[in-house]
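Listed below, chain by chain, are the residues.
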Amino acid sequence: MANDYSTAWDALANAIGAAKGESSGYIDDVEHLTVDQQLKVAEIAALLSISQELSALNPQNTKSRGKDGVWRDGWGREIAD
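One structure accompanies this document, and this report is about it. Keep in mind it's a predicted model, so treat the numbers as computed, not measured.

### Points about the pattern of salt bridges
Working step 1: Here the structure, examined in full by the defined rule, presents five salt bridges.
Working step 2: Residue R72 is joined to E78 by a salt bridge in which the shortest nitrogen-to-oxygen separation is 3.9 Å.
Working step 3: For R72, a relative accessible area of 24% translates into the label partly exposed.
Working step 4: Counted as one network, the salt bridges with shared partners bring together D68, R72 and E78.

Here's what the structure looks like:
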């Protein structure tokens, strides 16, 4: 999942840059885009932000070491170190 997330952000940055004739761009550098394109960038950025927040809430995406020294996910299941 994390790879999908970073790949999506990279694709968005590449599209912003390509519209400016550059190899990559930045989320806050959209003045060269049309208003519709700027709105689409904002929409995609919002969706990516929401997906990151939801992922952080998933107990499977957290880990902690118990008093017994064993690593466990947010559900309490043992996981590899």
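Additional details are given in the paragraphs that follow.
### Focus on the nonpolar core
Working step 1: L12, I16, V30, L33 and V41 together form the largest nonpolar core, which totals five residues.
Working step 2: When near neighbours in sequence (up to four residues on either side) are disregarded, I16 contacts G25, Y26, I27, D29, V30, H32, L33 and V41.

### A few points about the environment of H32
Working step 1: Summarising the element assignment, H32 is placed in the loop between α1 (2–19) and α2 (35–57).
Working step 2: The class for H32 is partly exposed, based on a relative accessible area of 30%.
Working step 3: With 42 residues separating them in the primary sequence, H32 and G74 have C-alpha atoms 44 Å apart.
Working step 4: Every residue in contact with H32, bar those within four places of it in the chain, is listed here: I16, A19 and K20.
Working step 5: Side-chain polar atoms of H32 contact the backbone oxygen of I16, separated by 2.9 Å.

### Side note on the environment of G69
Working step 1: Mapped onto the elements of the fold, G69 is located in the loop between β1 (63–65) and β2 (71–73).
Working step 2: Placed 19 residues apart in sequence, G69 and I50 show a C-alpha to C-alpha distance of 33 Å.

Criteria and cut-off values
- Residues numbered from 1 in each chain as written.
- Predicted model: local features only at pLDDT ≥ 70, side-chain atom pairs only at ≥ 80, totals over all residues.
- Heavy atoms only, no water.
- Salt bridge = Lys/Arg side-chain N within 4 Å of Asp/Glu carboxyl O.
- Buried < 20%, exposed > 50% of the residue type's maximum accessible area, 1.4 Å probe, protein only.
- Core = buried A, V, L, I, M, F, W, Y, C linked by side-chain atoms within 4.5 Å.
- Contact = heavy atoms within 4.5 Å.
- Helix = DSSP H or I, 4+ residues; strand = E, 2+ residues; numbered from the N terminus.
- Polar contact = N/O pair within 3.5 Å; in protein donor to acceptor, adjacent residues only side chain to side chain.

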